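# Fold and geometry: a report
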Amino acid sequence: MAALICSGLSVAYGGREALSGVSFELPRGAFLAVVGENGSGKSTLVRTLLGLIKPSAGTARLDGGLTRRDIGYLPQQRESRGDFPATVYEITISGRLGRLGARPFYSGEDRREAEKNLRLTGLWELRSRAFRELSGGQQQRTLLARALCAEGGLLLLDEPVSGLDADAADQMYHLLRELKEKKKTTIVMVTHDLPRAAEAASHILELDGGQRYFGESASWPGRKARRNGND
């Protein structure tokens, strides 16, 4: 069963095509790394999946019963504010806001979900700490916990390891692999971290303004080139 289907997807800004001819089906429970140079269309794809911009041609749709409400989104680090006047717990549970409906307060289920995801990301003991007091890696894990509170089967991560040191990046990849294996969450990750992304992801989508490659990570030509030292 597919989680995400793009069919002839093209997106244009002000008459200029930013992305064209993207077609693929991502299986549910897959881990997709979206790679490419700056300006290749990665951010355009993210905004399209979030419903922030409309395609100029083709479609990008969720399948298998998923809706945009089921997307948990972790933005690029530069888009998040390091001076949030809130605690780790408050930021994490805010991922449930989209599910409150007419309810004015968080439910017991919301609080259990927040605790579960804080424990999963190793932040439960830091739940009362101010977000601004955390390290960069801890801040990213907090935002991942918030995204997990929001998601209903699909995580969309935009450069989740950008700016992190090697240890923090390794912790993030470990968490993502655990989510894929234990929760069967479908993950779409935009990244420039090609070597580790190729190892962690099950599928690769390489963009260059269009679709250069889509398929299993093990068969990605870019992975083979890097193994041979031909960067």
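L144, L155, L157, L176, I187 and M189 are the most contacted members of the largest nonpolar core, which totals 43 residues. Counting residues per element, the ones that place at least two in this core are β3 (31–35), α2 (88–93), α3 (108–120), α4 (136–150), β6 (154–158), α5 (166–183), β7 (186–190) and α6 (194–200). When residues of this core are assigned to their parent elements, the largest contribution, seven residues, is made by α5. For L157, the contacting residues outside a window of four places in its chain are L74, L144, L176, I187, V188, M189 and V190. Counting residues in each nonpolar core, the second largest holds 26 residues, with A3, C6, A30 and L205 among its members.

For the rest of this paragraph, the subject is the sheet that holds strand β8 (residues 203–207). If you trace the six strands from one edge of the open sheet to the other, you get β5-β6-β7-β3-β8-β9, paired in mixed fashion. This sheet does not close on itself; its edge strands, each paired only once, are β5 (71–74) and β9 (211–216). Adjacent strand axes in the sheet meet at a mean angle of 15 degrees when their direction is disregarded. Bridge count for β6 against β7 is five bridges, and the pairing is parallel. Bridge pairing in β7 links L154 to T186.

What counts as what
Residues numbered from 1 in each chain as written. Predicted model: local features only at pLDDT ≥ 70, side-chain atom pairs only at ≥ 80, totals over all residues. Heavy atoms only, no water. Core = buried A, V, L, I, M, F, W, Y, C linked by side-chain atoms within 4.5 Å. Buried < 20%, exposed > 50% of the residue type's maximum accessible area, 1.4 Å probe, protein only. Helix = DSSP H or I, 4+ residues; strand = E, 2+ residues; numbered from the N terminus. Contact = heavy atoms within 4.5 Å. Pairing = 2+ DSSP bridges. Axes fitted to C-alpha atoms, helices over the stretch in contact; angles between N-to-C directions.

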